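Spelled out from the first residue to the last, the chains are:
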Amino acid sequence: MASATLPLSFTHIAHPAPVPAEVRANVLAEPGFGKHFSDHMVTIQWSEDAGWHDAVVGPLQPLSLHPAASVLHYAQEIFEGLKAYRLADGAMALFRPEANAARFNASARRLAMPELPEDLFVAACRELVKVDRDWFPTVEGGSLYLRPFMIATEAFLGVRPAKTYSFIVIASPAGNYFKSGAPAVSIWVSQYTRAAPGGTGAAKCGGNYAASLVPQAEAMAKGHDQTVFLDAAEHRWIEELGGMNLYFVFADGTLITPPLTGTILPGITRESLLTLAREEGLTVREEKYAIDQWRADAASGKLVETFACGTAAVVTPVGRVTDPVDGEFVIGSGGPGQLTQKLRQRLVSIQRGEAADTHGWVMRLD
């Protein structure tokens, strides 16, 4: 765990013109996902000679970057996603923020960027939630989505790691991730490749998501919610969706999720569900699963459920899958499965303080 050699204190700058309360109330009643942003942001600077410095909680505002800033030319950029929840007693809480901090640093190492002390990552998230707690949605199931990210800011042209960076955290009130509101999502099997062995598939960097935009647009144009990517070598093995990990549920109670081999993002929701499923007495295997086997098992009834999981959507049932070559197949009844709903409810209940947190996952923000 990376830890600060010297603790940083946060300078607070009051917002001169926060969003009016009545406007904010309208947003919070129907926030959507990623469309609105709270009044403040956290910024921390890094330079080669000074390390991490200048931690500020201030007004949300545009960034000022030189046109030659390295992030614009060589894509040194990483990010995270986590949520603040309101507990049953009204307190705010973060879910496993230290895991996000550790994954953030893993991404930083892969992109040749400086590691941020994990306690400083968590402190930045805490500070933003504290100052913008009034932005928590009033809609049922709402949360305050946090987006920590780091960009290279040094102005130069040349292929090398930058010498200056900005770490920033912004917040967005969040409702339902999928706009369709369907009980189960529809998946398109992409002919594009998301990641290859030795690449950046396990890093949460913007370039990975930029490469997924064309296949995601293709999926949506054909009436689907998400696209699923297969492996780069054989184009046979299921890896993950554009922004979520996958689980496959079998009639005998077994669960399979693709293994973390460097081409799949190590999801924190994925890891949490591994733990919860095993506590339910289920056999969970991390192993490769082929697209043709997925189709055959769904047709035979051996496979009864499939679900996607991630911070934004939490746990989402997959109802049907369409391959551009072999056509469509339906999973189970095409709607939410019993185990999918059970695991989702267990996880959400822990996140919202409605069930015992036996793993120390919930960080109260008193």
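A.B. asks: Which residues make up the pairing of strand β8 (residues 164-174), and what values do they have?
C.D. replies: Most of β8 sits out of view: 10 of its 11 residues are buried. Relative to β8, strand β7 (residues 143-152) is paired through 10 bridges, and the arrangement is antiparallel. Among the inter-strand pairings, Tyr145 is bridged to a residue of β8, identified as Ser172.

A.B. asks: For unusual backbone geometry, give the residues involved together with the corresponding values.
C.D. replies: Even without being a glycine, Asp54 presents a positive backbone phi close to 55°. Relative to the helices and strands, Asp54 is located in strand β3 (residues 51-59). In this model, Ala75 sits at a positive phi of 60°, which is unusual for a non-glycine residue.

A.B. asks: Outline a nonpolar patch on the surface, supporting the account with residue identities and numerical values.
C.D. replies: A cluster of nonpolar side chains, Leu63, Leu65 and Leu72, forms an exposed patch at the surface whose accessible area comes to about 260 Å². Mapped onto the fold, Leu72 is located in helix α2 (residues 70-74).

A.B. asks: Got a sec to walk through the side chain of Glu305? Specific residues and values, please.
C.D. replies: Within the secondary structure, Glu305 is located in strand β15 (residues 303-310). Among buried charged residues, Glu305 stands out as having no salt bridge; its nearest opposite-charge side chain is Lys342, 11 Å away. There is a polar contact of 3.1 Å between the side chain of Glu305 and the backbone nitrogen of Leu339. A distance of 2.7 Å separates a polar atom in the side chain of Glu305 from a polar atom in the side chain of Thr340. Excluding residues that lie within four positions of it along the chain, Glu305 makes contacts with Tyr247, Phe248, Val249, Ile331, Gly337, Gln338, Leu339 and Thr340.

A.B. asks: So what's going on with the environment of Leu230? Which residues, and what values?
C.D. replies: Tracing the sequence through the fold places Leu230 in strand β10 (residues 226-230). Sequence-distant contacts of Leu230, that is, excluding residues within four places in its chain, are made with Val189, His235, Arg236, Trp237, Ile238, Glu239 and Ile291.

A.B. asks: Kindly report on helix α3 (residues 97-110), identifying the contributing residues and their values.
C.D. replies: The end-to-end C-alpha distance of α3 is 20 Å, a good match for the 20 Å that 14 residues give at a rise of 1.5 Å each. Residues Pro97, Ala99, Asn100, Ala101, Arg103, Phe104, Asn105, Ser107 and Ala108 constitute the buried set of α3. Just downstream of α3, Ala112 is the residue with a positive phi angle, here 60°.

A.B. asks: Before we move on, could you go through helix α1 (residues 21-29) and cite the residues and values that matter?
C.D. replies: Within α1 the residues assigned to the buried category are Arg24, Val27 and Leu28. End-on view of α1: buried residues confined to an arc of 95°, all on one side of the axis. For α1, the exposed residues set more than 90 degrees away from the buried face come down to Glu22 and Asn26.

A.B. asks: Describe the confidence of the model for the chain, naming the residues involved and giving the relevant values.
C.D. replies: Per-residue pLDDT for the chain averages 94, and the proportion of residues at 70 or more is 97%. Counting contacts from residues 1-5, a segment whose pLDDT is below 50, to residues more than four positions away or on other chains yields 12 contacts.

A.B. asks: Would you mind going over the nonpolar core in detail, with residue names and values included?
C.D. replies: Counting 42 residues, the largest nonpolar core has Ile44, Phe121, Leu146 and Phe167 as the members making the most contacts within it. Looking at this core element by element, the count peaks at seven residues for helix α4 (residues 118-131). Of all hydrophobic cores here, the second largest spans 23 residues; its members include Ile256, Ala308, Phe329 and Ile331.

A.B. asks: Can you explain the packing of aromatic side chains? Please cite residues and give values.
C.D. replies: By the definition in use, this model includes 13 aromatic pairs. Taking the centre distance of 5.5 Å and the plane angle of 75° together, the rings of Phe104 and Phe167 count as edge-to-face. Placement of the pair is Phe104 in helix α3 and Phe167 in strand β8, with a sequence separation of 63 residues. A relative accessible area of 0% means that Phe104 is categorised as buried. Assessed through its relative accessible area of 0%, Phe167 is described here as buried. An aromatic cluster of at least three residues, connected via ring pairs, comprises Phe248, Phe250, Tyr289, Trp294 and Phe329. A cation over a ring is seen here: Arg86 above Phe136, with NZ or CZ 4.8 Å from the ring centre. Of note, Arg160 hangs over the ring of Phe156, and the distance from its end group to the ring centre comes to 3.8 Å.

Cut-off values and rules
- Residues numbered from 1 in each chain as written.
- Predicted model: local features only at pLDDT ≥ 70, side-chain atom pairs only at ≥ 80, totals over all residues.
- Heavy atoms only, no water.
- Buried < 20%, exposed > 50% of the residue type's maximum accessible area, 1.4 Å probe, protein only.
- Helix = DSSP H or I, 4+ residues; strand = E, 2+ residues; numbered from the N terminus.
- Pairing = 2+ DSSP bridges.
- Patch = residues over 30% accessible without salt bridge, like charges linked within 9 Å, V, L, I, M, F, W, Y side chains within 5 Å.
- Areas by Shrake-Rupley, 256 points an atom, 1.4 Å probe, with all protein chains shown as cover.
- Salt bridge = Lys/Arg side-chain N within 4 Å of Asp/Glu carboxyl O.
- Lys, Arg positive; Asp, Glu negative; His and termini not counted.
- Polar contact = N/O pair within 3.5 Å; in protein donor to acceptor, adjacent residues only side chain to side chain.
- Contact = heavy atoms within 4.5 Å.
- Expected span 1.5 Å × (residues − 1).
- Arc of directions from axis to C-beta.
- pLDDT = per-residue confidence, 0-100.
- Core = buried A, V, L, I, M, F, W, Y, C linked by side-chain atoms within 4.5 Å.
- Phe/Tyr/Trp six-rings, centres within 6.5 Å; stacked < 30°, edge-to-face > 60°.
- Lys NZ or Arg CZ within 6 Å of the ring centre and 35° of its normal.

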